[in-house]
Amino acid sequence: MESIEIQEYPTAYDNIKKATEACGFLQMSEISTCTLLKTLAASKPGSKFLELGTGTGLATAWILDGMDKDSTLISLDNDETLLSIAKENLGVDKRLTLICTDGNEWIKKNSKQKFSFIFADTWPGKYMVLEETLAMLEKGGFYIIDDMLPQPNWPDGHAEKVANLLSTLDNREDMTVTKMGWASGIVLVVKK
């Protein structure tokens, strides 16, 4: 299949990508993942969004690009160096709150908050505190994870963690799950 040309990138995308490459961060979300995030964000006007694992803000830029003016996004990362790239390039957006924190602790402390969209791109919210994270999802809300197809940087034993996570999601009666075998392996979950 031929690749489809992306017509419009978020304004901050090029600057973030250059800074990401300069700092040697290799765990960037793929463009196809990012465009999906933008499209899904556009379907949730006036909503609260949560991103677990900001990194340098590449995916964050796409989520913001899809959000309307009445939506808000909280994005967490535990690496201040990476987060500083996101702050420098996206910090002027009043809809965005960037927080440097341990994701597990933040999720536990904020468990009463509800979100229409959760993108879990790190271990907290995906392999750790999964139940608490899914409890934060509103009915009809999206829970999105990536990197579910084998990756060259997976540590020993990680394939079993992925299999266990997918099995856990499949066995939940309160969720509808779609596993997509493209990009890095996207799983899209909707809470019933």
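This one's a predicted model, so the numbers in the text were calculated from it and none came from an experiment. (Residues numbered from 1 in each chain as written. Predicted model: local features only at pLDDT ≥ 70, side-chain atom pairs only at ≥ 80, totals over all residues. Heavy atoms only, no water.)

Undergrad: Could you give an account of the sheet that holds strand β5 (residues 137–145), with specific residues and numbers?
TA: Pairing within the open sheet is mixed, and its 7 strands lie in the order β3-β2-β1-β4-β5-β7-β6. Unpaired on one side and paired on the other, β3 (96–100) and β6 (175–180) mark the two borders of the sheet. Ignoring strand direction, the axes of neighbouring strands in this sheet form an average angle of 15 degrees. Looking at chain direction, strand β4 (residues 115–120) and β5 are connected through 5 bridges and run parallel. Residue F119 lies in a different strand from β5, and its bridge partner there is I144. Each of β5, β6 and β7 (186–191) is contacted by helix α7 (residues 158–170), which is oriented at about 140 degrees to β6, the strand it contacts most. (Pairing = 2+ DSSP bridges. Helix = DSSP H or I, 4+ residues; strand = E, 2+ residues; numbered from the N terminus. Axes fitted to C-alpha atoms, helices over the stretch in contact; angles between N-to-C directions. Contact = heavy atoms within 4.5 Å.)

Undergrad: I'd like a description of the environment of V129, backed by residues and values.
TA: Take V129: it is sitting in the loop between β4 and α6 (130–135). Between the C-alpha atoms of V129 and L83, which are 46 residues apart in sequence, the distance is 22 Å. In contact with V129, other than residues within four places in its own chain, are N104, I107, K108 and P124.

Undergrad: Outline the packing of aromatic side chains, supporting the account with residue identities and numerical values.
TA: According to the stated counting rule, one finds 5 aromatic pairs in the structure shown. Aromatic side chains Y9 and Y13 sit 5.0 Å apart centroid to centroid with 40 degrees between the ring planes, which places their arrangement in the tilted category. Exposure remark for Y9: the relative accessible area of 36% places this residue in the partly exposed category. Judged by centre distance (4.8 Å) and plane angle (50 degrees), the ring pair of F49 and F117 falls under tilted. Of this pair, F49 sits in strand β1 (residues 48–52) while F117 sits in strand β4; the two residues are 68 residues apart in sequence, bridging distant segments of the chain. Overall, the relative accessible area of 0% leaves F117 in the buried class. Joined through ring pairs, the aromatic side chains of Y9, Y13 and W62 make up one cluster. The residue whose ring lies beneath K44 is F142, and the NZ or CZ to ring-centre distance is 4.7 Å. Above the face of the F115 ring, K48 is positioned so that its terminal group lies 4.9 Å from the ring centre. (Phe/Tyr/Trp six-rings, centres within 6.5 Å; stacked < 30°, edge-to-face > 60°. Buried < 20%, exposed > 50% of the residue type's maximum accessible area, 1.4 Å probe, protein only. Lys NZ or Arg CZ within 6 Å of the ring centre and 35° of its normal.)

Undergrad: Mind laying out the nonpolar core, listing which residues take part and the relevant values?
TA: In this structure, I63, F117 and I144 are the most contacted members of the largest nonpolar core, which totals 30 residues. Mapped onto this core, the elements with two or more residues apiece are α1 (13–23), α2 (31–42), α3 (58–66), α4 (80–90), β3, β4, β5 and β7. Looking at which element gives the most residues to this core, the answer is α3, with 6 residues. I63 has contacts with L37, A41, F49, E51, L73, F117 and F119, leaving out every residue within four places of it along the chain. Counting residues in hydrophobic clusters, the runner-up holds 24 residues, among them L76, L137, L166 and V187. (Core = buried A, V, L, I, M, F, W, Y, C linked by side-chain atoms within 4.5 Å.)

Undergrad: Give a description of α7 that names residues and reports values.
TA: The end-to-end C-alpha distance of α7, which contains 13 residues, comes to 18 Å, matching closely the 18 Å that a straight helix rising 1.5 Å per residue would cover. Tucked into the core, α7 has its buried residues touching α6, β5, β6 and β7. (Expected span 1.5 Å × (residues − 1).)

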